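Coordinate inspection notes
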Protein chains: 2
Amino acid sequence: MPRYKAIVAYDGTDFFGFQLQTKNGVESARTVQGELNKVVNQMAKKPQPPIKVVGASRTDTGVHAFGQVVHFDFPYDIASDNFRKGLNTLLPRDILVKSVTRVSDDFHARFNTHAKRYIYRISTLDYTDPFKRHYTGHFHWHLDVERMKLALPDFLGEHDFASFAASGNETATTVRRITRVELTEKAEEHELVLVFEGNAFLYNQIRIMVGVLLEIGTGRRPVHDIQRLIAVKDREQARFTAPASGLYLDEISYND
Amino acid sequence: MPRYKAIVAYDGTDFFGFQLQTKNGVESARTVQGELNKVVNQMAKKPQPPIKVVGASRTDTGVHAFGQVVHFDFPYDIASDNFRKGLNTLLPRDILVKSVTRVSDDFHARFNTHAKRYIYRISTLDYTDPFKRHYTGHFHWHLDVERMKLALPDFLGEHDFASFAASGNETATTVRRITRVELTEKAEEHELVLVFEGNAFLYNQIRIMVGVLLEIGTGRRPVHDIQRLIAVKDREQARFTAPASGLYLDEISYND
């Protein structure tokens, strides 16, 4: 069967995360993967066994995506743009398929990833902007942005990020490489926008990194506390996990 | 009792409009006015009779506001910023009080208005951007923006807008004065942003005006059909009402 790769955007607000959730074989929560599975199987006229959509990244409840990547095998040969339109016509309005492309049979959305980029939006108003309540992490304590900018590069490079993994993390190693960090202050919009790029990230890693950065911004942690946290490899020390609503899976790149 | 004026923003998505709805004296739907009433009375320690919050504009279900104006009488004298903070601490996250100011006893949010400004955001992508589904009117047919720009000034001036009033309109006269119209194309965001300013608007007037403009944009109506519609004064002729989700009550100004 031809294999297809799709780039998918979604507003994570009304989903219990990306990953399909079942109980006794029955879907038990609304998930992005569950919706994609339904629509792909509907377009394929419900083949047996059903088609399974495989995603690159298991985003959590409330986390958004501009560029989630999925792959699936499909019994028919459909032109890219018609495929995109067909899926979007059937999908609920909080999921958008941005593109569909035919890929080789050995393409795998999760295993072939080369780099992932995430964005985290922090809203700094004293009370939440009603239009941003689902789309930013709201943090109303005073932040010293210069301190945060000094701290941020401490994440760069290959490190054991054990201190930055949530307790649900089950990967064999906690060593990851971060290749890009960026902090932009959007004063007019009362927002700070963070960008993180790396080869892969641990469970909740970005939200924990943002939490540490925010505590550096308030002065609760010393500027170079990230270096100490990397050294101690103790997941009890980075306690504050920034809210899911500010996190966006922005882009995933692949090895050729 | 001291009278206060408040400027209020809200995300209209989860409200059945601004205006309080009751059935047999019991609140029957979630409304902005209902939420404001609750919180103001809570801050005033539930006086009898209860305080009533009066709004300038009865926005519909799904319509948003950056600058709704309300007034109410309150038994205590509270400094502006403390009042704002107190209300915001109690309000749900889809309503934000932007400011509270003490006003004279004869200030009335609805009767003293001088001008109202509305914004309408049109999303022109072929499928809805998941992040804009509640915040724009989605219109995927091809639009000739130059035609729309030619047509737009036909709304300017004092006219009988009977053709642009929804059937629920109950005002004595349908004559209104429009003082400003504007159309901005935001190509990168695939959006058209319309601005309308006038002394007052009829029920659903802006959404019907946007509907006519969109039909001019697609070529379904002649460029200067607005002039004809104003002349015929027939509410059956402007059929398409643009979705509530794109409409924002932006600002209300008052006579001194």
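Described below are features of the structure shown in this document. (Residues numbered from 1 in each chain as written. Chains lettered and ligands numbered in written order. Predicted model: local features only at pLDDT ≥ 70, side-chain atom pairs only at ≥ 80, totals over all residues. Heavy atoms only, no water.)

**Concerning the overall build of chain A**
When helices and strands are tallied, chain A shows five helices and 12 strands. On C-alpha atoms alone, chain A measures out to a radius of gyration of 19 Å, which is about the 18 Å that the 2.2 N^0.38 rule sets for 256 residues. With the principal axes as the frame, chain A shows a C-alpha extent of 60 × 40 × 35 Å. When each of the 256 residues of chain A is scored for burial, the buried share is 54%. (Helix = DSSP H or I, 4+ residues; strand = E, 2+ residues; numbered from the N terminus. Rg over C-alpha atoms; globule rule 2.2 N^0.38 Å. Buried < 20%, exposed > 50% of the residue type's maximum accessible area, 1.4 Å probe, protein only.)

**Concerning the packing of helix H1 (residues 32-43) of chain B against helix H2 (residues 80-90) of chain B**
Residues and elements named next belong to chain B. For the pair H1 and H2, the least separation of the axes is 10 Å and the interaxial angle reads 120 degrees. Here H2 runs oblique to H1, going by the angle between their axes. The hand of the H1/H2 crossing is right-handed. Residues Val 39, Val 40, Gln 42 and Met 43 of H1 form the contact with H2, whose participating residues are Phe 83, Gly 86, Leu 87 and Leu 90. Across the contact of H1 with H2, the residue classes tally to six nonpolar, two polar and no charged. (Axes fitted to C-alpha atoms, helices over the stretch in contact; angles between N-to-C directions. Parallel < 35°, antiparallel > 145°, perpendicular 65-115°, else oblique. Left-handed = near helix turned anticlockwise from the far one by under 90°. Contact = heavy atoms within 4.5 Å. Nonpolar A, V, L, I, M, F, W, Y, C, P; charged D, E, K, R; others polar.)

**Here's the deal with the packing of aromatic side chains**
How two aromatic rings sit relative to each other is set out by the distance from centre to centre and by the angle between their planes. Residue and element names in this part refer to chain A. This structure, assessed with the given rule, holds 39 aromatic pairs over all chains. Ring centres 4.8 Å apart and planes at 20 degrees place the aromatic pair Phe 66 and Tyr 248 in the stacked group. With Phe 66 in strand E5 (residues 64-73) and Tyr 248 in strand E12 (residues 247-254), this residue pair connects regions lying 182 residues apart in the sequence. Here Phe 66 falls in the partly exposed class, since its relative accessible area comes to 27%. (Phe/Tyr/Trp six-rings, centres within 6.5 Å; stacked < 30°, edge-to-face > 60°.)

**Side note on the relation of the copies chain B and chain A**
Its rotation angle being 180 degrees, the transformation that places chain B on chain A also includes 0.0 Å of axial translation and leaves an RMSD of 0.0 Å. This pairing of chains is accounted for by a two-fold axis. Measuring from the rotation axis to each C-alpha of chain B, the shortest distance belongs to B:Phe131, at 5.4 Å. (Least-squares fit on C-alpha atoms with pLDDT ≥ 70 in both.)

**Topic: unusual backbone geometry**
Cis geometry is found at the peptide bond from A:Gln48 to A:Pro49, where omega equals -5 degrees. Structurally, A:Pro49 can be placed in the loop between helix H1 (32-43) and strand E4 (54-55). With a phi close to 50 degrees, B:Asn24 is a non-glycine residue in the positive phi region. Here B:Asn24 shows up in the loop between strand E2 (22-23) and strand E3 (26-27).

**Observations regarding the interface of chain B and chain A**
Many analyses report the size of an interface as the accessible area lost when the parts associate. Contact with chain B, which involves 23 residues of that partner, is made by 23 residues of chain A. Of the roughly 2100 Å² buried between chain B and chain A on both sides combined, carbon and sulfur atoms contribute 58%. The largest share of the area that chain B buries against chain A comes from B:Tyr127, B:Phe131 and B:Arg133, three residues that together contribute 36% of it. Between the two partners, chain B and chain A, sit eight salt bridges. A:Arg133 is the salt-bridge partner of B:Asp14, the closest N and O atoms lying 3.4 Å from each other. When contributions to the side of chain B that touches chain A are tallied by element, the ones reaching two or more residues are strand E1 (3-10), strand E5 (64-73), H2 and strand E6 (95-103) of chain B. For the side of chain B that touches chain A, a count of residues per class yields 11 nonpolar, four polar and eight charged. (Buried area = accessible area lost by both parts, 1.4 Å probe. Salt bridge = Lys/Arg side-chain N within 4 Å of Asp/Glu carboxyl O.)

**Section: the pattern of salt bridges**
One pass over the full model with this rule turns up 50 salt bridges over all chains. Between B:Arg117 and B:Asp250 there is a salt bridge; the shortest N-O distance is 2.8 Å. Of this pair, B:Arg117 sits in strand E7 (residues 113-123) while B:Asp250 is found in strand E12 (residues 247-254), placing the two residues 133 residues apart along the sequence. Shared partners join several salt bridges into a network, and the residues in it are A:Asp11, A:Asp14, A:Glu27, A:Arg30, A:Glu35, A:Lys38, A:Asp94 and B:Arg133.

**What to know about helix H5 (residues 225-232) of chain B**
Residue and element names in this part refer to chain B. Of the positions making up H5, those classed as buried are Asp 225, Ile 226, Leu 229 and Ile 230. In a view along the axis of H5, the buried residues occupy a sector of 140 degrees, so they form one face of it. Each element contacted by the buried residues of H5 is listed here: helix H3 (145-151), strand E9 (157-160) and helix H4 (205-218). Count one or two residues on from H5 and you reach Lys 233, which has phi positive near 50 degrees. (Arc of directions from axis to C-beta.)

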